[in-house]
Structure formats: C-alpha cells, structure tokens
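Structural overview for review
Chain by chain, the residues run as shown.
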Amino acid sequence: MKVPAGQLLQKIAYPSDLKLLKEDELKQLSQELRQYIIDVVSVNGGHFGASLGVVELTVALHYVLNTPYDQLVWDVGHQAYGHKILTGRRDEFHTNRLHGGISGFPKRAESIYDTFGVGHSSTSISAALGMAVASQHKGETDRQHVAVIGDGAMTAGMAFEALNHAGIEKSNLLVILNDNCMSIDPNVGALKEYLTDISTSKHYNRFRDDIAKVLAKISSIGPDAYRIAQKIEKSIKGTLLKNSNLFEALNFRYFGPIDGHDVDHLVKVLKDLKDIPGPKLLHCLTVKGKGYSLAEKDQTKWHAPGLFDKITGEIKKTVYEKPQPPKYQDVFGRTIIELAEQNPKIMGITPAMPSGSSLNLMMKAMPDRAFDVGIAEQHAVTFSAGLATQGMVPFCNIYSSFMQRAYDQVIHDVAIQNLNVVFCLDRAGIAGADGPTHHGAYDLAYMRCIPNMTVSAPMNEEELRNLMFTAQQENMGPFSIRYPRGNGVMVDWQRPMKAIPVGKGRKICDGEDVAVLSIGTIGNEVVKAFAQLISEGYHPAHYDMRFVKPLDEELLHEVFSNFDKVITVEDGCLQGGMGSAVIEFMADNCYNAQVIRRGIPDKVIEHGEQPELWAECGYNANAIASLVRDIAIKRTTRTIAS
C-alpha cells in the first residue's frame, strides 16, 4: 500500500535533490521523513524504531556527503529505511521485505547507494576501512568513507578489530557511533557503561565546545602547534573523563558526544569533519524510536512490531477462536526453565537476543543462571565451553545464521574438547522477510562434519522438549538442536519430557513405492502432502530422521531394503545436508536407489514469507505431493496394511 509523502519529501528522489534544499528546510524534511516511515511501516510492517532514531543523521549525511561517490556504510541495516527512501526507492518502499520487493537491508545489487550488503552486525567499520584503503591506493584523496554503527554492534569483537587496524592506516575514515543504549534489547557490558560515562560527564560536555574552538585557532598556526594541540586535547579529555579515551587510545580523533537529533548541528559538524584527515569517530546520542512516543518508551517491543494503528499504537494481531500452537522460541524459553529447576547445572547463554530467543524468561526467573553477553557470538560459545569444563550444562542459544560467526569456537573450543555444550539454533531454515543474511540454511551441513557433534532437529514442540531433555543428560558432548522461526503445530505441547535415543529416527507412516525421509519441522509439510496423496490413491512411506548425525543406520537399511525410490526433504542447504548424508550411506552400503533431494538449492534465496520461499525452493506440501505423483504408482487398494 502506497502512502503520500510530505511536501518536501515528495520532491526528493535522490540525494542530488536533497542538496537543493536550504539548510533551514532540513528540519521539516526530517519530520516528513520520520512521518513517512511511520505511515508505511504501520500498514506494511518491518523494522521500526532503529530507522526513526537516525532520521536527522540520515538527512545530514546525504546533505553533506557526495553519495554514492562518498561511501556510506550502514551497520546491520535496521536503521537504513530513511537512507533507502532518500536514494531512489521511495516509490518502492511499500514493497519493503515483501516477496519480490525491496530488501529490508542495504543490498549492493539493489542500489549503487548501498555500498555494502549487511544484515549481521559489526561489519561496517571493516568494510569502510577496506574502501578507504582502496581509495587511498587509487589516489582518490577527496573521497569520504563513513561507517554508521550502533553502540550494541560496537560490543562485537570484529568492531574492535577494525578500530585497531584503522588506527594505524591513517585513511580517510569517519566512524559514526549511533549511541542509543539499545540493539534489539537493552545493551549490556562494560562498553555500555563507558559510553554512558562519556555522555553524562557534565564537566566534559561543558568544556568540550570551548576547547574545540581554542584548539582550532592553535592548530592554524602551523604543524608543530597542531601536534601540540592534539596532545592538549587528549590530555584534557582524559582528565575530565578520569581515564584515557578508548577511541583516542586507538589513534582515532574523538568528537562528541553530540545530539543526534539536531540536524542543523549535525550538518555543521559533518562539514567540519570532512576537512580533518585520518580516522575519526563522531559520537552521536540518539533515541531509538524517536518521534513516536510509544516506540521511545518500549524500544524492544517496537523494534519490529508488525502492523499497527499509527494513531492509537495498537499492534494488530490476528484473533483466533481456538488456542494456537506456541512459537518454537517460547517452547525453548519455558522448557529450559523446567529443566533448570530439575538440574542445577543448567545455564542459559545468548548473544544479545534474550527476547528473540525467549531466554529472557529464564533471565527473569533465574537471573544468576542466564546470561546476555552482548553481540559477541564467538565469546558466547567459548564462555559456554568454559562453563562446561566446570561441570555446568550451558544451553547456548544463537540464531542459526549468527552461529556461522562462531564456527571456529564450536570446533576448537567445544568439539575438540568434547564438552557438553547444547547449541539451540533458533531461526533455522528459511527465516522469512529478513532474507538471505538471516536464513539458517547451512547449520545441518556445517555441524554434521564436526567430530563429537550430535546434530538433531525436532519435528514438533514435543520433540523439541524431548531433545532438550536428552541433551542435558550425562556425557552427551556437543549437541546441536535446530528449530525454525514462527509457530509450531501442537496446542497440547507441554507434555512430560523423556529421553530420545541419540541417533534414532522414527517411522511416521508405512507405505509403498516411495519413502520420504524428512528432518525437522519441514516434516509437517510432508504430512500435509500425504493427506492429499492418500485421498488420491497414493501411499508413500514417511520417516522422520530426527538426527543427521549420528544417522539412524538401522532405519536407513530398512528404507533401502524396501524402496528403490527415496525422497529427502530438509529446510536447509542441499550441499552437505541430510540428503547428502543419506546418499553417502547408500553408496557406503552398496545400495542402488533413485534418491531425489529437496531443500534449499545452491543459490541465494531472497526475502519473503516462509511458505512462499518453501514453494520457491520446491519443498512445500504441494511441491512434495507433485513429486510423489511423478514417481509413485496410483493404486485403488493398498498392499501394506494400515
């Protein structure tokens, strides 16, 4: 649904149009841009609070910079809606995150103004530094390179690595620290406290502007005076802040903190910073959800609220007449509390996703046994390994696509030492509208090749609970459990837990002609397909593998001894996944059968709703049913007893 833009905004298709405005018109433009984001997201959905918080910064950057020649890199991308609207995509913005529409994140293939594709946090400084060094090498000394990164993303090790490198390169790099004390949930850790100290130091803020003016006059005298001025500036900042400035210790010129919602001041400061060589950091204080009072008050809830009434603030939710199955993340969140009440060794760990993983339930119920470690997946895994060496049973809950960032730690710190760390991989498989940066496509493949690792996937909520119960038993070693985004299939899910024999699958239904082997919750699409097929006279068999590693060899011997047509179905990549494991077993045991694999193909799958993308990849219920019809025999009677 398209919505009208404001008087100034409707005149702006690209930043070149923005530059035609007078500076005193930028405040009105910012108001119109903020209102446009509210209008569109309220009726179409998407991320919300982050982009509202950087409206003035977005306007100022495109007003001052010569984009796209000047390189502007947005970290994560939740905050880039205003950027998209001002760079040629206003009329398409209503398609944001919809199947076939524009991406919810910056994407190089979508626009030359999107200089770097992002979705995971903390990459912007590294990318912008690479661009700056390349420009320096090519002699493009007039080119600006700007990375906009939130204080939550700054907690990741990669951001520090980039700052550490940038400090010695002397390249033309500006890092803008968007400090709102939030990522999706409130930020945690010592860096948050440090930034709070800077932003609330009355003495520092009182002297800051006057010092800047004096030092500017001194530095104009000559190069020696300029070096002296820099030393004086660092000394004064260090004294007023009671310790050395972290960023200046890394050879960055530090400026701020400044009001990130004062567009006039932002323009002035950005113009000044263009003329200062070397690495610089501008510290901007912003409010996530700025301009929409409800989003300002509850920033976690309004990070991505879905559809809502922009007047009343009522978030629109479907009302069901009957009880509905829970989200898988909530099954995890409630089950880990049950287990922890029984087993005092259990602890919960998440890297900055307590509400997204529902570990926030345990953090509230057992605050001394559940930890949000910030955006630091590598640390989360090795911290979990450390806990495990002391006899604890850590449940490390990380989104499947985010676990990719900690792969070395999974191997080096957990698997080699055979430690009982339970990896609960949320958002496994097709993740939906967040698109390719968030699809959990690869975990079955990348986990099953690791020694000592158990790799499992439940078909429903009861199975998830049982696998969690199984994983916390003695001597289980590294244990991976994957489950998808969204709701399950069982209303009556909170049943007594029981152990599942590791490496044992189960037969869902017997059949003839064709055996369908599924892993995980996508098996429910197979069940839907079978309902169609049986009514038509087809009677395939269905097996739920449960484990990709170890494989249920007894089950596979049964399958290949009785079927010469086998279909494998998984909500994961085909290369190296469950289907590959089945074919390896077939070859190793000298069976000969037609095996057809269905899963995520070897290409980038764009954004869309999960059912739309399952259909695109060929493994929704209709696609599975069609495939069975192509290779099975239609019968009026069954030869296998029900």
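The preceding data block contains the structure.
Residues numbered from 1 in each chain as written. Predicted model: local features only at pLDDT ≥ 70, side-chain atom pairs only at ≥ 80, totals over all residues. Heavy atoms only, no water.

1. Focus on the sheet that holds strand E9 (residues 422-426)
If you trace the 7 strands from one edge of the open sheet to the other, you get E7-E6-E8-E9-E11-E10-E15, paired in mixed fashion. Edge strands, defined here as strands with exactly one partner in the open sheet, are strand E7 (370-372) and strand E15 (547-549). Each strand axis lies, on average, 20 degrees off the axis of its neighbour in the sheet, ignoring direction. Bridging between strand E6 (residues 346-350) and strand E8 (residues 393-399) involves 4 bridges; their strand directions are parallel. Looking at the pairing, Gly-348 lines up with Phe-395 of E8. (Pairing = 2+ DSSP bridges. Helix = DSSP H or I, 4+ residues; strand = E, 2+ residues; numbered from the N terminus. Axes fitted to C-alpha atoms, helices over the stretch in contact; angles between N-to-C directions.)

2. Some thoughts on the pairing of strand E16 (residues 565-573)
Among the 9 residues in E16, 8 count as buried, and that is most of the element. The pairing of strand E13 (residues 515-519) with E16 spans 5 bridges and is classified as parallel. Looking at the pairing, Ile-519 lines up with Glu-570 of E16. Across 6 bridges, E16 lies against strand E17 (residues 594-600) in parallel orientation. Bridge pairing links Cys-573 to Ile-600 in E17. In this region the chain leaves E16, passes through helix H24 (residues 578-588) and returns to the parallel neighbour E17; the handedness of that crossover is right-handed. (Buried < 20%, exposed > 50% of the residue type's maximum accessible area, 1.4 Å probe, protein only. Right-handed = clockwise from strand over helix to strand, strands pointing away.)

3. So, the sheet that holds strand E4 (residues 253-259)
The strand order E1-E2-E3-E5-E4 describes an open sheet built from 5 strands, whose pairing is parallel. This sheet does not close on itself; its edge strands, each paired only once, are strand E1 (71-74) and E4. Direction aside, neighbouring strands of the sheet carry axes that sit 20 degrees apart on average. Direction of pairing for E1 relative to strand E2 (residues 145-150): parallel, over a ladder of 4 bridges. The partner of Leu-72 across the bridge, within E2, is Val-146. Strands E1, E2 and strand E3 (174-179) of the sheet are contacted by helix H4 (residues 55-64), whose axis makes an angle of about 160 degrees with E1. (Contact = heavy atoms within 4.5 Å.)

4. Quick notes on the nonpolar core
Within the largest apolar cluster, 54 residues are counted, with the highest numbers of intra-cluster contacts made by Phe-48, Leu-61, Ile-176 and Leu-282. Residue contributions to this core peak at 8 residues, all from helix H2 (residues 26-44). By size, the runner-up hydrophobic cluster in this structure holds 47 residues, among which are Ala-388, Met-453, Leu-517 and Phe-585. (Core = buried A, V, L, I, M, F, W, Y, C linked by side-chain atoms within 4.5 Å.)

5. A look at the environment of Ala-380
Relative to the helices and strands, Ala-380 is located in helix H17 (residues 377-389). For Ala-380, a relative accessible area of 0% gives the class buried. Among all residues touching Ala-380, those that are not within four sequence positions of it are Ile-349, Pro-351, Val-373, Cys-396 and Ile-398.

6. Some remarks on unusual backbone geometry
One can expect most non-glycine residues to show negative phi and most peptide bonds to be in trans. The omega torsion across Thr-67 and Pro-68 is 5 degrees, close enough to zero to call that bond cis. Structurally, Pro-68 is set in the loop between H4 and E1. The step from Lys-549 to Pro-550 runs through a cis peptide bond, and the omega angle for that step is -10 degrees. With respect to the helices and strands, the residue Pro-550 is situated in the loop between E15 and helix H23 (553-562). Positive phi outside glycine occurs at Asn-251, with the angle close to 70 degrees. One can find Asn-251 in the loop between helix H11 (246-249) and E4.

7. Side note on the pattern of salt bridges
Taken as a whole and assessed by the stated rule, the structure comprises 29 salt bridges. Put simply, Glu-110 and Lys-84 hold a salt bridge, and the shortest N to O gap is 2.7 Å. Here Lys-84 lies in helix H5 (residues 81-89) and Glu-110 lies in the loop between H5 and helix H6 (124-137), a separation of 26 residues in the sequence. A relative accessible area of 24% places Glu-110 in the partly exposed class. The buried category is assigned to Lys-84, whose relative accessible area is 0%. Across the pair Asp-426 and Arg-427 runs a salt bridge whose closest N-O atoms are separated by 3.1 Å. Neither Asp-426 nor Arg-427 differs from the other in exposure class; each is buried. Here the salt bridges do not stand alone but share partners, grouping Lys-84, Arg-89, Glu-110 and Asp-114 into one network. (Salt bridge = Lys/Arg side-chain N within 4 Å of Asp/Glu carboxyl O.)

8. Examining the environment of Gly-520
With respect to the helices and strands, Gly-520 occurs in the loop between E13 and helix H22 (523-536). Along the primary structure Gly-520 and Asp-571 are separated by 51 residues, whereas in three dimensions their C-alpha atoms are 7.7 Å apart. Dropping the residues within four chain positions of it, Gly-520 is found in contact with Ala-457, Pro-458, Met-459 and Asp-544.

9. Describing the side chain of Ser-580
Examined against the element boundaries, Ser-580 turns out to sit in helix H24. Once residues lying within four places of it in the same chain are set aside, the contact partners of Ser-580 are Arg-448, Leu-574, Gln-575 and Arg-597.

10. Let's talk about the packing of H22 against helix H26 (residues 621-631)
Interaxial distance between H22 and H26 falls to 8 Å at its minimum, and their mutual angle equals 45 degrees. Judged by the inter-axis angle, H22 sits oblique to H26. By crossing handedness, the relation of H22 to H26 is classed as right-handed. Contact residues: Glu-525, Val-526, Lys-528, Ala-529, Gln-532, Leu-533 and Glu-536 in H22; Ala-621, Asn-622, Ile-624, Ala-625, Val-628 and Arg-629 in H26. (Parallel < 35°, antiparallel > 145°, perpendicular 65-115°, else oblique. Left-handed = near helix turned anticlockwise from the far one by under 90°.)

11. Quick notes on a negative patch on the surface
A cluster of acidic residues, Asp-24, Asp-259, Asp-262 and Asp-264, forms a negative patch at the surface. Here Asp-24 lies in the loop between helix H1 (15-18) and H2. (Patch = residues over 30% accessible without salt bridge, like charges linked within 9 Å, V, L, I, M, F, W, Y side chains within 5 Å. Areas by Shrake-Rupley, 256 points an atom, 1.4 Å probe, with all protein chains shown as cover. Lys, Arg positive; Asp, Glu negative; His and termini not counted. Charge placed at Lys NZ, Arg CZ, Asp CG, Glu CD.)

12. A few points about H4
In terms of burial, H4 is a largely internal element, 10 of the 10 residues being buried. Those residues of H4 not exposed but buried are Val-55, Glu-56, Leu-57, Thr-58, Val-59, Ala-60, Leu-61, His-62, Tyr-63 and Val-64.

13. Quick look at the environment of Asn-620
Among the secondary structure elements, Asn-620 is positioned in the loop between helix H25 (610-617) and H26. Asn-620 gets classed as buried once you look at its relative accessible area, which sits at 15%. For Asn-620, the contacting residues outside a window of four places in its chain are Glu-525, Trp-614 and Ala-615. Among the polar contacts made by the side chain of Asn-620, one reaches the main-chain amide nitrogen of Ala-623 at a distance of 3.0 Å. (Polar contact = N/O pair within 3.5 Å; in protein donor to acceptor, adjacent residues only side chain to side chain.)

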